[in-house]
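Coordinates in review
What follows is each chain in one-letter form.
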Amino acid sequence: MTEQISNFTDDAARARILSAYDRAMAYWPEPRGEQDVPTRFGSTRVHSYGAGEGTPVLLLHGQSATPAEWAPYVEALARAGRRVLAVDRMGEPGYTVQRLPIGSADDTAAWLEETLIGLGLERVHLVGHSYGGCVALQHALRAPGRIVSLSVYDPPRALAPLKPGFLLSAVVAALSGSDSFQRRWFTRLVGDTGANVEEAEAGMRVSLEAINGFRIRLPQPQRMSDEELRSIEIPTLVLLGGADRVMDSQKAEARVRRLIPDVRTEVVAGAGHGIPLEIFNRRVPEFLHEVEHPGIG
């Protein structure tokens, strides 16, 4: 449990990170909306794209990332007449302004629920990557009332233990201070997602600047118990990288297939911790359609 607030290391780091953020967000489809939603934990920046009568989709990015990571996926999610929204998660680098500590999964769920209320979302498809996937799973456990479906990609530790050596390698990369070393580490972690080179570079630059210029004060993802996973009754899609360096995807898949009542899974051969573009942009919209129109192919 943490009682501290995440923060930029100094004003120069803030300027570098937000400049990289803005450059990466330029890859989002247009027109892109922006708004700030007040919560008791602080003000949450939310980006949006698309319109229509379909149930909206809310995206939760990974650690040391921003909503820019969703740029290659937004249009595919919006094609069926849905509004797509992506938040700057509280406690991560970006334009969200934190006022109170996020010290537990309960705090995280309270922040997200207040954000959903502030957005006026009575029903929503929740999608999360990495740490954002852990947030989505914990929210489905603690405040499932608004959640129509849950889609997660590689939520670390929640479903299976971290691989030996992963945390050490992450700490070494963070403390190295070497841009080239951190770049190699990050590239191996993410793998080839299929995104275009310039877009992938822009997203990586945000994360590299964040690793060196932002102090994250958030609780570590925790392993979910069997009982907790059994209690998730929301339709759930779990996608996992077959070559993920963070956790054992095969063990994670076997566990959720055994425990979550209404689950679909796929281990994507050769994929790393980054979201594979072709698989996500096909599989997730298909899943959302299936949830909204059961029995219709």
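Above this text sits the structure in question.
Okay, so let's go over this structure.

What counts and how
- Residues numbered from 1 in each chain as written.
- Predicted model: local features only at pLDDT ≥ 70, side-chain atom pairs only at ≥ 80, totals over all residues.
- Heavy atoms only, no water.
- Helix = DSSP H or I, 4+ residues; strand = E, 2+ residues; numbered from the N terminus.
- Buried < 20%, exposed > 50% of the residue type's maximum accessible area, 1.4 Å probe, protein only.
- Contact = heavy atoms within 4.5 Å.
- Areas by Shrake-Rupley, 256 points an atom, 1.4 Å probe, with all protein chains shown as cover.
- Lys, Arg positive; Asp, Glu negative; His and termini not counted.
- Charge placed at Lys NZ, Arg CZ, Asp CG, Glu CD.
- 1 Å grid on protein atoms, 1.4 Å probe; cavity = no way out; pocket = protein on both sides within 12 Å on 5 of 7 lines; lining within 4 Å.
- Points joined across faces, edges and corners; volume = space filled by probe spheres on them.
- Nonpolar A, V, L, I, M, F, W, Y, C, P; charged D, E, K, R; others polar.

Let us now look at the overall build of the chain. Across its full length, the chain carries 10 helices and 11 strands. Seen through its C-alpha atoms, the chain measures out along the principal axes to roughly 55 × 40 × 40 Å. Split into buried and exposed, the 297 residues of the chain put 55% on the buried side. Put simply, of all contacts in the chain between residues at least 6 apart along the chain, 78% involve residues at least 24 apart. Accessible area for the chain stands at about 12600 Å²; split by element, carbon and sulfur atoms hold 51% of it. The chain carries 32 positive and 37 negative side-chain charges, and their two centres are separated by 4 Å.

Here the second largest pocket is characterised by a volume of approximately 230 Å³. Lining the second largest pocket are 14 residues; nearest its centre among them are Ala 105, Gln 138, Gln 220, Pro 221 and Gln 222. Of all the secondary-structure elements, those providing two or more residues to the lining of the second largest pocket are helix H3 (105-118) and helix H4 (131-142). Here the lining of the second largest pocket takes five residues from H4, the largest share from any one element. Looking at the lining of the second largest pocket residue by residue, the classes come out as six nonpolar, five polar and three charged.

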